[in-house]
Amino acid sequence: MICVFVQFRCAPGKTYEVADAIYDREVVSELYSTSGEWDLMAKVYLPEGSDVGHWLSERLFDIPHIQRTLTTMTFKAF
């Protein structure tokens, strides 16, 4: 499995709506509300060998009221 973290910036007043839509898709392991520049952070496990950009675009990034995303890849270091 490939683990990535995705941060979401939502349209003002739409964070709960976006969070509900993300959960409805059943593709994230964990979802948090965050403070600061980003509104939500999700932990996502993708199948090994997946094209991360395509996988996320097809399953998450078409949700209405998402203004911007930031994806952080993880690597096994230890």
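Above this text is the structure in question.
It should be emphasised that the depicted structure is a prediction, and the values quoted were computed from it without experimental measurement. (Residues numbered from 1 in each chain as written. Predicted model: local features only at pLDDT ≥ 70, side-chain atom pairs only at ≥ 80, totals over all residues. Heavy atoms only, no water.)

(A) Quick peek at unusual backbone geometry. At Glu26, a position not held by glycine, the phi torsion is positive, near 55 degrees. Position of Glu26 among the secondary structure elements: in the loop between α1 (15-24) and β2 (30-33). Looking at Glu26, the relative accessible area reads 71%, which means it is exposed. (Helix = DSSP H or I, 4+ residues; strand = E, 2+ residues; numbered from the N terminus. Buried < 20%, exposed > 50% of the residue type's maximum accessible area, 1.4 Å probe, protein only.)

(B) Representation of the state of the cysteines. This model, assessed by the stated rule, comprises 0 disulfides. The cysteine Cys3 is free of any disulfide, with Cys10 supplying the nearest cysteine sulfur at 20 Å. The exposure class of Cys10 is buried, given its relative accessible area of 5%. (Disulfide = S-S within 2.5 Å.)

(C) Inspection of the pattern of salt bridges at higher detail. Tallied over the full model, the rule gives 5 salt bridges. One salt bridge in this structure joins Glu37 and Arg9, with 2.8 Å as the shortest N-O distance. Highlighted residues: Glu37 in the loop between β2 and β3 (40-46) and Arg9 in strand β1 (residues 2-10), separated in sequence by 28 residues. (Salt bridge = Lys/Arg side-chain N within 4 Å of Asp/Glu carboxyl O.)

That's the geometry; what it means functionally is another story.
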